[in-house]
Amino acid sequence: MCKIEKVLRTKRAVLPALQPQKGGKPMSVNQIRYNTDMVFSIAKKLEIPLDEAVDKMTRNGSMRTLNNSYRKRNRVSRSSIVKEISSEMEDI
């Protein structure tokens, strides 16, 4: 397990804006909190800073998996989703 300082070592203060979602409802506060925790867990597992984790997830197309994980949170454990996304990202 990596130290928290390594995860929090970001190189830039502003991330580029993603394309807005088409249709659907806006994210609730609980979903934003859940997704934030998931990104933090993925960065911690891969031992990379948060900004690199978000960049890799965007390039890899894992953001859709992350957003859909909130809907499946009662059926699929958080650790299995982190494992799935991080295994997809290790190749990049």
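Use the structure listed above.
Below or above, wherever it landed, is the structure these notes cover. (Residues numbered from 1 in each chain as written. Predicted model: local features only at pLDDT ≥ 70, side-chain atom pairs only at ≥ 80, totals over all residues. Heavy atoms only, no water.)

**Comments concerning the packing of helix 2 (residues 29-46) against helix 3 (residues 50-60)**
(1) Moving on: The geometry of helix 2 relative to helix 3 is characterised by a closest axis approach of 9 Å and an angle of 100 degrees between their N-to-C directions. When the axis of helix 2 is compared with that of helix 3, the two are roughly perpendicular. On the side of helix 2, the interface is formed by Val-39, Phe-40, Ile-42 and Ala-43, while helix 3 contributes Leu-50, Ala-53, Val-54 and Met-57.
(2) Moving on: By residue class, the composition of the contact of helix 2 with helix 3 is eight nonpolar, no polar and no charged. (Axes fitted to C-alpha atoms, helices over the stretch in contact; angles between N-to-C directions. Helix = DSSP H or I, 4+ residues; strand = E, 2+ residues; numbered from the N terminus. Parallel < 35°, antiparallel > 145°, perpendicular 65-115°, else oblique. Contact = heavy atoms within 4.5 Å. Nonpolar A, V, L, I, M, F, W, Y, C, P; charged D, E, K, R; others polar.)

**A closer look at the nonpolar core**
Inside soluble globular proteins, nonpolar side chains tend to come together where they are buried.
(1) Moving on: Among the nonpolar cores identified, the biggest contains 16 residues, and Met-38, Ile-42, Met-57, Leu-66, Ile-85 and Met-89 are the most heavily contacted of them.
(2) Moving on: Where this core is concerned, the elements lending two or more residues are helix 2, helix 3 and helix 5 (78-89).
(3) Moving on: In terms of residue count, the dominant contributor to this core is helix 2 (six residues).
(4) Moving on: Once residues within four sequence positions are removed from consideration, Met-89 is found in contact with Ile-42, Leu-46, Ala-53, Lys-56, Met-57, Asn-60 and Ser-62. (Core = buried A, V, L, I, M, F, W, Y, C linked by side-chain atoms within 4.5 Å. Buried < 20%, exposed > 50% of the residue type's maximum accessible area, 1.4 Å probe, protein only.)

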